[in-house]
Amino acid sequence: MTFTRVRRMKASGFMLLGVLLLAASAGAGEAEVVTWPDDFEAYPAMSSPTSGGWVIRYGGAGTEQQYVDTSYAAAGEQSLHLMGSSCWSANVYHELPGLCDSCEVSYEGRIRVESVVGGGCTPILARIGFENPSVGYWGSEYASVIFESDGWIHADTSASATAAPSLIPYETGRWYSVLVVASFRTRRFDVHIDGVLRAEGLPIRVDGSATGIEICAGHGNPGPVAWFDEIVATYGTSKELTAVRPRTWGQLKALYR
Ligand SMILES: [Ca+2]
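Along its length, the protein chain carries two helices and 16 strands. Here the analysis covers contacts within the protein chain between residues at least 6 apart in sequence; of these, 65% occur between residues at least 24 apart.

What follows covers the sheet that holds strand β15 (residues 212-217). Backbone-to-backbone hydrogen bonds pair the strands of a sheet. The strands run either parallel or antiparallel. Pairing is antiparallel across the open sheet formed by seven strands, whose spatial order is β3-β6-β15-β8-β9-β10-β11. Strands with a single pairing partner mark the edges of an open sheet, and in this sheet they are β3 (55-59) and β11 (166-169). When the angles between neighbouring strand axes are averaged without regard to direction, this sheet yields 15 degrees. Strand direction decides the pairing type here: strand β6 (residues 90-95) and β15, joined by six bridges, are antiparallel. Across the sheet, residue Val92 finds its bridge partner in β15, namely Ile215.

Grouped burial of nonpolar side chains is what soluble globular proteins tend to show. Among the nonpolar cores identified, the biggest contains 58 residues, and Leu82, Val180 and Ala226 are the most heavily contacted of them. In terms of residue count, strand β16 (residues 225-236) provides more of this core than any other element does, eight residues in total. Residues contacting Ala226, with those up to four places away along its chain left out, are Leu82, Ile111, Arg112, Val113, Glu114, Leu125, Ala126 and Ala217.

Position of Ala210 relative to the elements: it lies in the loop between β14 (196-203) and β15. Spatially, the C-alpha atoms of Ala210 and Ser140 are 7.9 Å apart, while their sequence positions differ by 70 residues. If near-sequence neighbours (up to four positions away) are discounted, Ala210 is found in contact with Leu99, Phe130, Glu131, Asn132 and Tyr142.

All right, on to the environment of Val33 then. Structurally, the position occupied by Val33 is in strand β2 (residues 33-38). Residues Val33 and Val105, spaced 72 residues apart in sequence, show a C-alpha to C-alpha distance of 9.4 Å.

Of all six residues in β2, six are buried, a share of seventy percent or more. Covered by surrounding structure in β2 are Val33, Thr35 and Pro37 together with Val34, Trp36 and Asp38, the residues of both alternating faces. Across six bridges, β2 lies against β16 in antiparallel orientation. The residue bridging Pro37 from the neighbouring strand is Val232, located in β16.

Attention now goes to the environment of Ser47. Residue position: Ser47 is located in the loop between β2 and β3. On the basis of neighbour count, Ser47 is assigned to the partly exposed category, with 14 C-beta atoms found within 10 Å. Spatially, the C-alpha atoms of Ser47 and Val68 are 5.5 Å apart, while their sequence positions differ by 21 residues. For Ser47, the contacting residues outside a window of four places in its chain are Tyr67 and Val68.

So, on to the pairing of β6. In terms of strand pairing, β3 meets β6 through four bridges, oriented antiparallel. Each bridged residue has a counterpart across the sheet, and for Gly59 the counterpart in β6 is Ala90.

The next subject is the confidence of the model for the protein chain. Mean pLDDT over the protein chain: 83, with 77% of residues reaching 70 or higher. Contacts for the low-pLDDT stretch residues 1-30, under 50 throughout, to residues beyond four places or in other chains number 35 contacts. Segment residues 253-257 is flagged for pLDDT under 50; beyond a separation of four residues in sequence, or across chains, it makes six contacts in the model.

Take unusual backbone geometry next. The residue after Asn221, namely Pro222, is reached through a cis peptide bond having omega 5 degrees. Of note, Pro222 is situated in the loop between β15 and β16. Positioned with a positive phi, Arg187 is a non-glycine residue whose angle comes to about 55 degrees. Inspection of the secondary structure puts Arg187 in the loop between β12 (175-183) and β13 (188-193). The exposure class assigned to Arg187 is partly exposed, which follows from the 16 C-beta atoms found within 10 Å. Of note in the backbone geometry, Glu230 takes a positive phi value of approximately 45 degrees without being a glycine. Positionally, Glu230 belongs in strand β16.

Calculation rules
- Residues numbered from 1 in each chain as written.
- Predicted model: local features only at pLDDT ≥ 70, side-chain atom pairs only at ≥ 80, totals over all residues.
- Helix = DSSP H or I, 4+ residues; strand = E, 2+ residues; numbered from the N terminus.
- Contact = placed C-beta atoms within 7 Å.
- Pairing = 2+ DSSP bridges.
- Axes fitted to C-alpha atoms, helices over the stretch in contact; angles between N-to-C directions.
- Core = buried A, V, L, I, M, F, W, Y, C linked by C-beta atoms within 7 Å.
- Buried ≥ 20, exposed ≤ 12 C-beta atoms within 10 Å, placed from the backbone.
- pLDDT = per-residue confidence, 0-100.

What follows is the structure, encoded as structure tokens:
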């Protein structure tokens with residue numbers, strides 16, 4: 001697919017919600033890289049993100065609380081507002097077609113946590129990561145980054161939040177950039193926060209591999225609130241895919257001009 005084809009996708013209304021298949025034009029062994037972005041600008045304000053292919057797996061404080069919001073944005077005018085509850089989180093999932101168990105992958109997302117609250121069934125206030133809804137009773141997370149009720153950002157290596165290594169403390173009411181570069185082939189991942197490498201070579205211990213990406217507002221009393229923006233997943237199969245690095249939003253948007 002060429003850049004011309006990408007422009008045609010915009011004209012046909014896919015906007016930033018389409019999967020951009022940036023395939024090699026010719027030649028065996030060339031990397032095929034898929035980049036999937038959502039900046040939440042193409043939705044009507046206050047609408048459900050399900051119109052963009054997101055699935056609300058668990059409704060948190062109520063499905064009506066999971067909506068595209070104009071209150072805050074990491075960029076543009078809109079972001080996605082999620083609200084969990086004391087023991088029932090808001091899990092919003094998007095399939096990534098072609099994501100495979102030998103893929104080199106990355107995701108980037110912007111996250112803003114409203115306040116640090118405790119008293120929930122887990123310490124998870126907000127989370128982003130790869131997901132497979134079909135593995136495990138509740139689904140399984142891979143290479144997740146979690147904002148917890150102890151005021152720290154953690155990396156999830158075991159699907160057990162209590163065992164997640166601490167990275168840095170975070171401030172409420174501030175946007176953070178989370179970037180994870182992972183390999184389902186080697187089952188390792190690196191975490192960057194605001195462009196700084198904070199953990200390297202962490203293990204992915206959870207069985208199976210991901211089929212998509214998920215964002216979550218977790219557990220607390222009152223229910224934790226978080227905003228998400230500028231989510232990008234990039235993935236491919238080449239073992240030499242250093243090219244599987246996140247494209248900046250400037251680079252992505254340039255594809256649409
Ligand atoms: Ca936005």
